[in-house]
Amino acid sequence: MDKLSKRTRAVHGGTRRSQYGEVSEALFLTQGFVYDTAEAAEARFVAAGPDEFIYARYGNPTVRMFEDRLAGLLGYEDCFACASGMAAVAGALTALLKAGDHVVSARALFGSCLYVLQDVLGRFGVEVTLVDGTDNAAWDAAIRPDTRLVFFESISNPTLEVVDMRHVVQAAHRVGALVLADDAMATPVFSYAAECGADIAIISTTKHVDGQGRMLGGAICGSREMIRGPIESYMKHTGGAMNPFAAWTHLKSLETIDLRVRAQAASALQIADALAGHPRITALRYPGHAAHPQQALALAQAESGGTVLTIEVAGGREGCFAFLNRLEVFTISNNFADAKSIATHPATTTHQRLPQAQKDLLGITPGLVRLSVGLEDPADLIADLRAALG
Ligand SMILES: *Cc1c(COP(=O)(O)O)cnc(C)c1O
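Basis of the calculations
Residues numbered from 1 in each chain as written. Predicted model: local features only at pLDDT ≥ 70, side-chain atom pairs only at ≥ 80, totals over all residues. Heavy atoms only, no water. Near = heavy atom within 4 Å. Polar contact = N/O pair within 3.5 Å; in protein donor to acceptor, adjacent residues only side chain to side chain. Areas by Shrake-Rupley, 256 points an atom, 1.4 Å probe, with all protein chains shown as cover. Phe/Tyr/Trp six-rings, centres within 6.5 Å; stacked < 30°, edge-to-face > 60°. Helix = DSSP H or I, 4+ residues; strand = E, 2+ residues; numbered from the N terminus. Buried < 20%, exposed > 50% of the residue type's maximum accessible area, 1.4 Å probe, protein only. Lys NZ or Arg CZ within 6 Å of the ring centre and 35° of its normal.

What to know about the site of the ligand
Within the structure, the ligand sits among 14 residues, and G85, D182, S204, T206 and K207 are positioned closest to it. Between N157 and the ligand, the recorded distance is 3.1 Å, taken from a side-chain N or O atom to an oxygen atom. S204 is positioned with one of its side-chain polar atoms (N or O) 2.8 Å from an oxygen atom of the ligand. Considering the ligand on its own, with 380 Å² of exposed area, one finds that the protein chains cover 91% of that surface.

What follows is the structure, given as structure tokens:
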């Protein structure tokens, strides 16, 4: 399997067939597993083999198929599948940190990630330094000899700031700190976390893996030692495991992820080209487009800018809401990476609870709209956006 391309591995990776030889992956909707004898039960609790399961909170054959398939797609040895992206973020951080540890994190983060880092870890005595993730000198200055862990979104949600991952990984590894990349925006198809040396990539599989707005899920990917060591120990005893039905839909979704994400990314670029310079838009950002100040870095790290772009609509909140309310093909919602195109107003929804000063610092302005590009005909999407802009 290792010799095959990622696209092929996304179709076949991790497959485990039952005695019936089914073509489509079986859904093992079971929490428990039976043992032939009491001795066999005892032996499995001492050391379970790779195809031996104990309890679905620890692992399940359908979930394991998904874990292996996703790890292969991302270029990591192993993966632990979680109930949601946030279960993965909170689980990985809590599994690896203790009181007194120092963490350096990019400040441009998804609201819930910021809550876990500042509010939750803060209560347990973890010191967190927030930096401008686009500023390599700021990373160098903040990472100290006693820094235990570095965290960032490889491309930030929603402001699409790009972290120079090779630089940050090098700075972190120089002091022996672990690097955790929240890779939701980068997409599993274009992910470069493994290539750049991030120790762990965390994925909200709710996004591009499901890709059809159905299932919550998350995943922690890394070396076998890390995943089957501290991560599995923490996750299996604290209950953040993915359920088998979510794993099964995710397995089927991985079969099409390469086609879907490439089509969505191509449409996103077309939309960026079509809207750039529009008189009702005061700023446009897409990591793969010249209007993004970090286009060169974005395209040096990844083959594509992904499936999400942002625009700033003229006229502040009022102009922005009028635009959103006129959209007919784009739906107003707060997920992204769905087959259906979605427009989000971060300042009043996903990032509402941030203090105004932090919104200002991050560029989450009243006119900012996050556009998640779906699988519709891009011509329809462009016409919809143009009509709504007026
Ligand atoms: C959506 C998202 C999460 C959380 O994922 P859920 O599956 O909604 O829990 C975490 N980080 C980033 C960057 C996200 O976009």
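Details of the packing of aromatic side chains
The full count for this structure, using the stated rule, is three aromatic pairs. Taking 6.0 Å as the distance between ring centres and 80 degrees as the angle between the ring planes, the aromatic pair formed by W139 and F152 counts as edge-to-face. Residue W139 is located in helix α6 (residues 136-142), and its partner F152 is located in strand β4 (residues 147-153); the two are separated by 13 residues in the primary sequence. Given the relative accessible area of 0%, W139 is considered buried. Of the residues examined, F152 reaches a relative accessible area of 0% and is grouped as buried. Ring centres 6.2 Å apart and planes at 10 degrees place the aromatic pair F245 and W248 in the stacked group. One end of the pair is F245 and the other is W248, both in helix α9 (residues 244-254) and three residues apart, which spans about a single turn. Taking relative accessible area as the criterion, F245 reaches 37% and is therefore assigned partly exposed. Above the plane of the ring of F110 lies K207, whose end atom (NZ or CZ) is 5.5 Å from the centre.

Geometry only, nothing functional implied.
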